[in-house]
Amino acid sequence: MEYFNLIADYLLQHKLLFSALLFSIMLLLRRLTISQIRGDDNFLSDDQRKWISRTKNGTFTVLLLLMFILWQSEISKFALSLTAIAVAVVVASKEIILCFTGSIQRASSRSFQIGDWIEVGSLCGEVIEHNLMATVIQEVDIHHGNYHYTGKTVTLPNSMFFSIPVKNLNFMKRYVYHHFSITIRETVNLFPLVPIMLAKIDEHCEDFAEVAKRYNHVIERHAGVDLPGAEAHIHITNTDTGEQLVHFMLFCPTNRAAEIEQLIREDFMGLYCHHFQNKEKMVMQPQQVV
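Structure report, in brief. In this text the structure is predicted, and so the values were computed from the model without any measurement. (Residues numbered from 1 in each chain as written. Predicted model: local features only at pLDDT ≥ 70, side-chain atom pairs only at ≥ 80, totals over all residues. Heavy atoms only, no water.)

### Some thoughts on the sheet that holds strand β7 (residues 233–238)
Sheet architecture is open: three strands sit in the order β6-β8-β7, paired in antiparallel fashion. At either end of the open sheet lies a strand with only one pairing partner, and these are β6 (175–184) and β7. Each strand axis lies, on average, 20° off the axis of its neighbour in the sheet, ignoring direction. Judged from the 10 bridges that link them, β6 and strand β8 (residues 244–253) form a sheet pairing that is antiparallel. Directly across from Thr183, in β8, lies its bridge partner Leu245. Contacting β7 and β8, helix α8 (residues 193–204) crosses the sheet at an angle of about 145° to β7. (Pairing = 2+ DSSP bridges. Helix = DSSP H or I, 4+ residues; strand = E, 2+ residues; numbered from the N terminus. Axes fitted to C-alpha atoms, helices over the stretch in contact; angles between N-to-C directions. Contact = heavy atoms within 4.5 Å.)

### Let's talk about the pattern of salt bridges
Pairing between side chains of opposite charge can happen when their charged atoms approach one another. All chains considered together, the criterion is met by six salt bridges. Its salt-bridge partner being Lys173, residue Glu126 comes within 3.8 Å of it at the nearest N-O pair. One end of the pair, Glu126, is in strand β2 (residues 123–130); the other, Lys173, is in the loop between β5 (166–168) and β6, with 47 residues separating them in the sequence. By relative accessible area, which is 4% here, Glu126 ends up buried. Between Asp207 and Arg256 there is a salt bridge, with its nearest N and O atoms 2.7 Å apart. Of this pair, Asp207 sits in the loop between α8 and α9 (209–223) while Arg256 sits in the loop between β8 and α10 (257–289), placing them 49 residues apart in sequence. On the basis of relative accessibility, which here comes to 22%, the residue Arg256 falls in the partly exposed class. (Salt bridge = Lys/Arg side-chain N within 4 Å of Asp/Glu carboxyl O. Buried < 20%, exposed > 50% of the residue type's maximum accessible area, 1.4 Å probe, protein only.)

This is the structure we're talking about:
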């Protein structure tokens, strides 16, 4: 017992050594715990990511508390010496304070959690980790209509949440309102093609149509708003330079949006060439013969 008391007294007298020992032990425990959570899986599930994030945040909190208890007397003396320059310290640490308060704001508002898709400014991605200072997302290419992971990891300081709105795109992980347009330069009547295209879109969406309606209803109940619905929509407008713009909107599985878009583009261009370009050739042929 005396031997342990001697070791404890020695460590308390050499606080830097004691701090380094505690730091090493906590890092080792954190690494062992995370390795147990990860297992042999190549891809992490949302639950695994949540527990890894909790382990990291919990380890950091415990280590911070232990360091505060160990260095309490020194911290008190240091705090008293900082009274004269407290304003300068606050100004210098403004971003750090904003990151802490941004983390509190995120937790209190429950704006997102690990596994959600979010959009912050021009950045979109899936949240894979968040802590007191920053939020880490796996970037998703939403703006180009692909909805694929880019392989880039983005670290967002929590201070951004005070100046930039955060959009929760969690429902887009499964189904999405996919928008795209086709521009036609010629002045022709495209409206007869609309019912034909709607029928072709229904054929492409037939295998998931019922699931899409149910999921759309779930989103409406959760959001409390009247959404456009799961049916496809086609609108024909004009650009500022006079071209006709055929705008498509469909509610489809996120991982199939790009594939279905290509099928619809192929159908539309085939119909357009069949109805209009062939007629122009038939009109031009008599003129060429004469």
